[in-house]
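Structure at a glance
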Amino acid sequence: GPAWRAATAVTPPALLVGELVAAGAFFYAYSEVAMQALANVSPVTHAIANTLRRVVIMLVSALVFSTRMTALGLAGSGLAIAGSYAYSVAKGADKARAAAEETAQMSAQENEGECALLVSPTPVVVMPNPKPVLPETSESRAESYRRWWRAPQSYDFEI
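These lines cover the structure that appears in this document, whether it is placed above or below.

Procedures and definitions
- Residues numbered from 1 in each chain as written.
- Predicted model: local features only at pLDDT ≥ 70, side-chain atom pairs only at ≥ 80, totals over all residues.
- Heavy atoms only, no water.
- Helix = DSSP H or I, 4+ residues; strand = E, 2+ residues; numbered from the N terminus.
- Buried < 20%, exposed > 50% of the residue type's maximum accessible area, 1.4 Å probe, protein only.
- Contact = heavy atoms within 4.5 Å.
- Areas by Shrake-Rupley, 256 points an atom, 1.4 Å probe, with all protein chains shown as cover.
- Axes fitted to C-alpha atoms, helices over the stretch in contact; angles between N-to-C directions.
- Parallel < 35°, antiparallel > 145°, perpendicular 65-115°, else oblique.
- Left-handed = near helix turned anticlockwise from the far one by under 90°.
- Nonpolar A, V, L, I, M, F, W, Y, C, P; charged D, E, K, R; others polar.
- Salt bridge = Lys/Arg side-chain N within 4 Å of Asp/Glu carboxyl O.

Some remarks on the overall build of the protein chain
If you tally the helices and strands in the protein chain, you get five helices and two strands. In sequence order, the secondary structure elements of the protein chain are arranged as α-α-α-α-β-β-α. Counting all 159 residues of the protein chain, 18% fall into the buried class. When contacts within the protein chain are restricted to residue pairs at least 6 apart in sequence, those whose partners lie at least 24 apart make up 40%. Roughly 11500 Å² of accessible area belongs to the protein chain as shown, and the carbon and sulfur atoms make up 66% of that amount.

Here you go:
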């Protein structure tokens, strides 16, 4: 068609075919990686990561090609980044709360009677013996302390 003739007028046909094959192979590889990622994280986390990927591509392209971004584009990028951060903070708080509840249940079962108060930025939890419980697994003492004394500002962003 006319598009192929216009493209081959500027680029040799063999090079054009090679670039099309390479673009297809890269897209296939991207799709495989995306499916593997989706198998390992929740769909919401995957969608957030995909949104951030698009924002990063847009910002890097603007820097590399010296393209000016409109105020609306910058506002949209900022909103996407802020939303991703808020999701990360909320997910980290849920994980911390779940870990505290699990540890409280384990500790209550092991040490019935003795009670202490744990104060945290989340609602206060009354629980027995606030010492890290080292389960009989391959978890190291440092990992157990990290799980137990998770600081509210140290949220992990999962992709």
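Considering the packing of helix 1 (residues 2–10) against helix 2 (residues 13–40)
Their axes nearest at 8 Å, the elements helix 1 and helix 2 cross at an angle of 110°. Classed by the angle they form, the pair helix 1 and helix 2 counts as roughly perpendicular. Seen along the crossing, helix 1 lies across helix 2 with a hand that is right-handed. Counted together, Trp 4, Ala 7 and Thr 8 of helix 1 and Pro 13, Leu 16, Val 17 and Leu 20 of helix 2 form the full contact between these two elements. When the residues that make up the contact of helix 1 with helix 2 are grouped by side-chain class, the tally is six nonpolar, one polar and no charged.

Thoughts on the pattern of salt bridges
Within this structure, the stated rule accounts for one salt bridge. Notably, a salt bridge pairs Asp 94 with Arg 97, separated by 3.2 Å at the nearest N-O pair. Of this pair, Asp 94 and Arg 97 both sit in helix 4 (residues 71–110), three residues apart, which is roughly one turn of that helix. For Arg 97, a relative accessible area of 35% puts it in the partly exposed group.

Some remarks on the environment of Ser 88
In this fold, Ser 88 is placed in helix 4. We classify Ser 88 as buried; its relative accessible area is 7%. Distance in space between the C-alpha atoms of Ser 88 and Ile 48 is 9.4 Å, their sequence separation being 40 residues.

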